[in-house]
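A look at the structure
Read off the chains here:
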Amino acid sequence: MAQTNGLFIAGEWQDGAAVIENRNPSDLSDIIGEYAQADSSQLDAALAAARKAQPVWWAAGVQKRHDVLMAIGTELMARAEEIGRLLSREEGKPLAEGKGEVYRAGQFFTYFAAEALRLHGDLAESVRPGIEIDVRREPVGVVAIVSPWNFPVATPAWKIAPALAFGNALVWKPANLTPASAVALTEVIARQDIPAGLFNLVTGPGRAVGQRLVESREIDAISFTGSVSVGRGIAASAVANMTKVQMEMGSKNPMLIMDDADLDLAVAHAANAAFGGTGQKCTAASRLIVHEAVHDAFVEKLVAAAQALKVGHALEAGTQIGPAVSGEQLAQNLDYVAIGKSEGAELLCGGDRLERPTEGYYMAPAVFAGTRNDMRINREEMFAPITCVIKAGSYDEALGIANDSEFGLTAGIMTRSLARASHFRAHMRAGCVMVNLPTAGTDYHVPFGGRGASSFGPREQGRYAAEFYTTVKTAYVSAGLPE
Ligand code: NDP
C-alpha cells in the first residue's frame, strides 16, 4: 500500500489494520487506490497523541496558529485545480465544482487564520470593590470531527480550521466513500510545523471507528455532519458523556415561487439548487412550492431545463451533473422515484438510470409534479437529483407548507414584492433564508446551520464558530491587599 494512503496518527503516516478500495463513480473501472482502515488501538493512539499535543499548540500562541492556518489555506487555493480533480474523480461532482470546493476550503483556513488573532475576551467591574474580572476564551480541548462524503474537503475544512485556530487538537474520521480527498487535505496539514498528534486522520467504517470515536470519554467535543439517524445516536452518546456537540444533518429545503417572480430566474435558481452536486447537498431545493397562477408555466420551463442538463463523467468538459456517489446512493435514488410514483406523484421527466461511455452511477434529473406535502418524497431527505413541485393557492398557504417539515436548514422565495420577502424572512423557520437566490450556495464568513432536525448545538462558520470551539473562563483577581 502506498504510504500516502495510510492513517496519520501522532505525526506519522502508518498502515491500517485493513484496506478498502476506492473507485471512481463516473467510471467503475478506474480504481483510485486502496485506503487504510484503522482499528481501535490506532484510534486510541490518536486520541492519546491529541491530548498530549493540545497544550503545546495552545502555548505556541496566536501568531503561530495564524501562520500555520494561513499556509494551509494558501496551499489549498494554489492547488485547487489538482486536488479538485481528485475530489471530482472520487466523489463525482463536475470538475468546476470540485475545484471550487477546494478553493473554498482554502478560504476557510485563511479566514480562521485571521480569527485566531481575534480571540478577544471581556473585562467587567466586580460588584465587590478591589476585584477585577476578566472573561477569556480557552480551547475546548480534543475535538472529534466526523464528516460526510458530499463536500469531502470543504466540510472538514470548516471544522478543522476553527478547531486549530482556537487552540484545539483533533481526531478526524472522514467518510469512507471519499478517503482520497481526506488524505490530500491531511498531506497539506501534515506538512506544517505543528506538534505531533495535534491533527490525526483516522479513516475507517463509521459504525466501528466513527462510533468508538464519538463514544470515547477522551474527547471534549464532537462536530458532525451527516444523516439524521447517525446524528441521533451521536447526540445520545454525547449527552451520556457530557461531551459538547454540534451537528448539521439533513433537510427538505423549500423554495417558494410566487406569482410575481421572474420566472426564468426562478427556473434557473430552482434547477441549480435542486440538481447541482447531483442533488447531494443538505441545502438542495427539494420542495418547489409554486403559486397556482404561474404553476403550469414554471413547471414547463423547469422540465425543459432539467432535460437540457448534461449528465456525464465528472471530469469531462461540459458535464453539469455527475453520477451519484455510490451504487447504494443510486439505488436509494431510484427507490425514491418508485415511492413517488406509488404515492400518486406525476413524474414529468428523468428518474431513470442512464448509460454513458464509461460505466457509472448516472441518473437523469427528475421532476415530480402534483405532489402533496405529506408524501414521503416531500418529507424525507432523498439526497438525489429529484425535486418535487407542490401547487399553492396563495403566499400564506405556500409559507404554511414550507414550514410544515421537521427540518429547517435553508429556504428560498422568488418574488418581486418587498413585503412578501420581508414577511418570509421573518416567518420562515429555517437557519438560512434566501430571497431571489437558490437555496444552495452560502458564504464562508457568516454562520451556517439550521433549526429542528437539521442542526443541533452551536452554529458553524464565521465568528459564531468560537462558541463551539472554545470554552469561557471567568477570572476574579484581587491584589490581596488588607482592607
Ligand atoms: P452518515 O450519517 O452515515 O455518514 C456521515 C459520517 O458519519 C461518515 O463519516 C460516516 O462514516 C460516519 N458514521 C456512520 N455511522 C456512524 C456511527 N454510528 N457513529 C459515528 N459516525 C458514523 O451518512 P451517509 O454518508 O451514509 O449518507 C446517508 C444519507 O445521509 C444520505 O443519503 C443523506 O440523506 C444524508 N447525508 C446528509 C448530509 C448533509 O450534509 N446533510 C451529508 C451526508 C449524508 P462512513 O461513511 O465511513 O460510514
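The structure presented is a predicted model; accordingly, all values stated were derived computationally and were not measured. (Residues numbered from 1 in each chain as written. Predicted model: local features only at pLDDT ≥ 70, side-chain atom pairs only at ≥ 80, totals over all residues. Heavy atoms only, no water.)

Further remarks concern the sheet that holds strand S16 (residues 386-392). The strand order across the open sheet formed by 7 strands is S14-S15-S16-S13-S12-S18-S19, and the pairing between neighbours is mixed. Every interior strand has two partners, whereas the edge strands, strand S14 (346-349) and strand S19 (432-435), have only one. Each strand of the sheet is rotated relative to its neighbour by a mean of 25°, with strand direction disregarded. Looking at chain direction, strand S15 (residues 366-369) and S16 are connected through 3 bridges and run parallel. When the bridges of S16 are listed, valine 367 appears paired with threonine 387. (Pairing = 2+ DSSP bridges. Helix = DSSP H or I, 4+ residues; strand = E, 2+ residues; numbered from the N terminus. Axes fitted to C-alpha atoms, helices over the stretch in contact; angles between N-to-C directions.)

The subject of this paragraph is the UniProt feature "domain: Aldehyde dehydrogenase" (unreviewed entry) in the protein. Residues annotated by UniProt as "domain: Aldehyde dehydrogenase" (unreviewed entry) correspond here to residues 16-474. Within residues 16-474, the helical portion is 41% and the strand portion 22%, while the C-alpha atoms at the span's ends are 43 Å from each other. (UniProt positions renumbered as here; feature names shortened; annotations may be inferred.)

With that out of the way, let us pick up the pairing of strand S5 (residues 122-125). Across 4 bridges, the pairing between S5 and strand S6 (residues 131-139) is antiparallel. Bridge pairing in S6 places glutamate 125 opposite glutamate 132. In this structure, the hairpin formed by S5 and S6 is closed by a connection of 5 residues, where glycine 130 is found at a positive phi of approximately 85°.

This brings us to the state of the cysteines. Under the defined criterion, the tally for this structure stands at 0 disulfides. Here cysteine 282 stays unpaired: no disulfide links it, and the sulfur of cysteine 432, its closest cysteine neighbor, is 9.3 Å away. This cysteine, cysteine 388, is not joined by any disulfide, and cysteine 349 carries the nearest cysteine sulfur, 12 Å off. On the accessibility criterion, cysteine 388 (0% relative accessible area) is buried. (Disulfide = S-S within 2.5 Å. Buried < 20%, exposed > 50% of the residue type's maximum accessible area, 1.4 Å probe, protein only.)

This part takes up the packing of aromatic side chains. In this description, a pair of aromatic rings is defined by centroid distance and the angle of the planes. Scanning all chains against the criterion turns up 10 aromatic pairs. For the ring pair phenylalanine 112 and phenylalanine 166, a centre distance of 6.3 Å and an interplane angle of 85° mean the geometry is edge-to-face. Residue phenylalanine 112 is located in helix H4 (residues 95-116), and its partner phenylalanine 166 is located in the loop between helix H5 (154-165) and strand S8 (169-173); the two are separated by 54 residues in the primary sequence. Given the relative accessible area of 2%, phenylalanine 166 is considered buried. A ring pair is formed by phenylalanine 468 and tyrosine 469, whose centres lie 4.8 Å apart and whose planes are at 90°; its orientation type is edge-to-face. The residues phenylalanine 468 and tyrosine 469 share a single accessibility class, namely buried. Ring pairing ties together the aromatic residues Phe108, Tyr111, Phe112, Trp158, Phe166, Tyr444 and Phe448, which thus form one cluster. (Phe/Tyr/Trp six-rings, centres within 6.5 Å; stacked < 30°, edge-to-face > 60°.)

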